[in-house]
Amino acid sequence: MATSKAPLTSLRDLRVSSHQIPAFDLIPNTSIQKKPLLIYHSAFHSSASASAIESHLSAVGVVSPEWRYTMYSQSHFHSTTHEVLCVASGKARLCFGGEENPKRVEPVLEKGDVMVVPAGLSHRLLEDINGGFNMVGSYPMGKSWDMCYGREGEEEKVKGIGSLGWFERDPIYGDEGPSLHV
């Protein structure tokens, strides 16, 4: 595991939620690669700043931190890359899988939580619970993200999801970690 200034929960104490979400309408969700949404609950200690999270991600070297922002309030997914979202501040209720999908997941996530979002999985902000919900958004090295919305005309983009590689090292824990066991 890489060292950084961001204090991490030990792997043996880490609680992880794993969710397979079936395709719905024109949203593939986890149906193509069968890689689940992974939520690492309180992976970063509450004292970790956005800068410390970015430094940690850079030190591990699996993903490149690219932005600090909230989550868009419109359902969207990416066809060109998986995404790693680290909550840097606040608390929010999110929706994964599409708000009309009866198999959607709507977790409440807060500072320190990490989401490993596979390509094709729809996600959006439902409610910023106490204001100031922000994340550090990251993508595997060398990958660029696109925006898809589950609309007609995106079928060719969606086909490319099947050829995307998965993580060879965990984006948070390096040579060990939950993403390596799915």
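Residues numbered from 1 in each chain as written. Predicted model: local features only at pLDDT ≥ 70, side-chain atom pairs only at ≥ 80, totals over all residues. Heavy atoms only, no water.

Per an unreviewed UniProt entry, the protein chain carries the name Cupin type-1 domain-containing protein and comes from Letharia columbiana.

A. Region of the structure containing the overall build of the protein chain. Scanning the protein chain from N- to C-terminus turns up two helices and nine strands. Shown N-terminal to C-terminal, the secondary structure of the protein chain runs as helices and strands in the order β-β-α-β-β-β-β-β-β-β-α. Buried positions account for 51% of the 182 residues belonging to the protein chain. Across the protein chain, the fraction of contacts at a sequence separation of at least 24, relative to all contacts at a separation of at least 6, is 78%. When the accessible area of the protein chain is evaluated, it comes to approximately 8300 Å², of which 48% is carbon and sulfur surface. The protein chain carries 17 positive and 21 negative side-chain charges, and their two centres are separated by 3 Å. (Helix = DSSP H or I, 4+ residues; strand = E, 2+ residues; numbered from the N terminus. Buried < 20%, exposed > 50% of the residue type's maximum accessible area, 1.4 Å probe, protein only. Contact = heavy atoms within 4.5 Å. Areas by Shrake-Rupley, 256 points an atom, 1.4 Å probe, with all protein chains shown as cover. Lys, Arg positive; Asp, Glu negative; His and termini not counted. Charge placed at Lys NZ, Arg CZ, Asp CG, Glu CD.)

B. View of the UniProt feature "domain: Cupin type-1" (unreviewed entry) in the protein chain. UniProt tags residues 75-123 as "domain: Cupin type-1" (unreviewed entry). Taken end to end, residues 75-123 is 0% helix and 43% strand, and its first and last C-alpha atoms sit 5 Å apart. (UniProt positions renumbered as here; feature names shortened; annotations may be inferred.)

C. Local environment of the layout of surface pockets. What the largest pocket holds in volume is close to 160 Å³. Around the largest pocket, the lining is made up of 14 residues, and of these Trp67, Thr70, Tyr72, Glu83 and Tyr139 lie nearest the centre. Counting residues per element, the ones that place at least two in the lining of the largest pocket are strand 3 (63-69), strand 4 (83-89) and strand 9 (134-140). By residue class, the composition of the lining of the largest pocket is nine nonpolar, four polar and one charged. (1 Å grid on protein atoms, 1.4 Å probe; cavity = no way out; pocket = protein on both sides within 12 Å on 5 of 7 lines; lining within 4 Å. Points joined across faces, edges and corners; volume = space filled by probe spheres on them. Nonpolar A, V, L, I, M, F, W, Y, C, P; charged D, E, K, R; others polar.)

D. Fine view of unusual backbone geometry. Residues other than glycine seldom take positive phi values, yet lysine 34 does so here, at roughly 60°. Locating lysine 34 in the fold gives a position in the loop between strand 1 (15-19) and strand 2 (37-41). The exposure class assigned to lysine 34 is exposed, which follows from its relative accessible area of 53%. The phi torsion at serine 42 lies on the positive side, around 55°, for a residue other than glycine. Following the sequence through the fold, serine 42 ends up in the loop between strand 2 and helix 1 (50-60).

E. The arrangement of the pairing of strand 5 (residues 91-96) in detail. In this sheet, strand 6 (residues 108-110) lies alongside strand 5 in antiparallel orientation, the contact comprising three bridges. Each residue of the ladder has a partner; that of alanine 92, found in strand 6, is leucine 109. In this sheet, strand 8 (residues 123-128) lies alongside strand 5 in antiparallel orientation, the contact comprising five bridges. Directly across from arginine 93, in strand 8, lies its bridge partner glutamate 127. (Pairing = 2+ DSSP bridges.)

F. Layout of the pattern of salt bridges. Scanning all chains against the criterion turns up eight salt bridges. Glutamate 127 is paired through a salt bridge with arginine 93; the nearest N and O atoms lie 3.8 Å apart. Separated by 34 residues along the polypeptide, glutamate 127 in strand 8 and arginine 93 in strand 5 bring together distant segments of the chain. Of the residues examined, glutamate 127 reaches a relative accessible area of 36% and is grouped as partly exposed. (Salt bridge = Lys/Arg side-chain N within 4 Å of Asp/Glu carboxyl O.)

G. Highlighting the pairing of strand 9. Counting buried positions over the seven residues of strand 9 gives six, a clear majority of the element. Pairing analysis gives six bridges linking strand 3 to strand 9, with the strands arranged antiparallel. Paired with tryptophan 67 across the two strands is glycine 137, which belongs to strand 9. Pairing analysis gives five bridges linking strand 4 to strand 9, with the strands arranged antiparallel. The residue of strand 9 that forms the bridge with leucine 85 is glycine 137.

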